[in-house]
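Structure assessment
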Amino acid sequence: MSVTQTEKTGARTETAATVISGARERIDALDDRIIGLIQERMAVSAVIQDARIASGGRRVNLAREMEVLAHYRDALGKPGTSLAMTMLELCRGRI
Ligand SMILES: O=C(O)C(=O)C[C@]1(C(=O)O)C=C[C@@H](O)C=C1
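Note that the coordinates shown come from a computational prediction; the quantities given were computed from them, not determined experimentally.

1. So, the confidence of the model for the protein chain
Scored by pLDDT, the protein chain comes out at a mean of 96, with 99% of its residues at no less than 70. Interface scoring of the predicted complex returns ipTM 0.99; its pTM is 0.93.

2. Points about the site of the ligand
Every residue lining the ligand is accounted for by Ser45, Ile48, Gln49, Val60, Asn61, Arg64, Glu65, Val68, Leu88, Cys91 and Arg92. Residue assignment for the shell around the ligand shows that the elements contributing at least two residues are helix H2 (14–54), helix H3 (62–76) and helix H4 (78–92). Class assignment for the residues of the shell around the ligand results in 5 nonpolar, 3 polar and 3 charged.

3. Re the UniProt feature "domain: Chorismate mutase" (unreviewed entry) in the protein chain
Per the UniProt record, the feature "domain: Chorismate mutase" (unreviewed entry) sits at residues 14–95. As a span, residues 14–95 carries 87% helix and 0% strand, and end to end its C-alpha atoms are 49 Å apart.

4. Describing the domain arrangement of the protein chain
Reports often express the size of an interface as the amount of accessible area lost when the parts come together. Segmentation of the protein chain into domains returns domain 1 (1–57) and domain 2 (60–95). Each side of the interface is counted separately: domain 1 has 5 residues, and domain 2 has 4 residues. Residue classes in the side of domain 1 that touches domain 2 are distributed as 2 nonpolar, 2 polar and 1 charged.

5. Observations regarding H3
For an α-helix the count is 3.6 residues per turn, leaving residues at separations of three or four pointing the same way. An ideal rise of 1.5 Å per residue puts 21 Å on 15 residues; H3 measures up with 21 Å between its terminal C-alpha atoms. In terms of burial, H3 is a largely surface element, 0 of the 15 residues being buried. Where H3 terminates, the next one or two residues include Gly77, which has phi positive at roughly 80 degrees.

The rules we used
- Residues numbered from 1 in each chain as written.
- Predicted model: local features only at pLDDT ≥ 70, side-chain atom pairs only at ≥ 80, totals over all residues.
- pLDDT = per-residue confidence, 0-100.
- Near = placed C-beta within 6 Å.
- Helix = DSSP H or I, 4+ residues; strand = E, 2+ residues; numbered from the N terminus.
- Nonpolar A, V, L, I, M, F, W, Y, C, P; charged D, E, K, R; others polar.
- UniProt positions renumbered as here; feature names shortened; annotations may be inferred.
- Domains from an automatic or database assignment.
- Contact = placed C-beta atoms within 7 Å.
- Expected span 1.5 Å × (residues − 1).
- Buried ≥ 20, exposed ≤ 12 C-beta atoms within 10 Å, placed from the backbone.

Pasting the structure below:
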C-alpha cells in the first residue's frame, strides 16, 4: 500500500502537500551543498592545523576560534554559536 503525499508531509490538502514536497526537495539539495561546504572547510582547516603542528605549534588556536564563534553569532544569533562550536569540533576534533 503506497503512502500518499498528504500522509508523508503531514499536510491536510493536496495543494499544501505539493508545496511541501517541492520545498523539501530544495531543502535536501541545500543540505547536500551545506555538507559539501563543511567537508571542504574541514579539508582547509586540516591544512592549517597540519602546517601549525609541523612548525612545532599546537593544533588549536583559541583566539582564532573566538573570532569564528563571533562571526557565526553575529550572523545567526545565539544558535549560531552552537553551530560554530559543532563545526569547529568537526574540523579539529574534541578538545
Ligand atoms: O584558523 C586556524 O588557525 C585553524 O586552525 C582553523 C580552525 C577552524 O577550523 O576554523 C581550527 C582550529 C583552530 O583551533 C582554529 C580555527
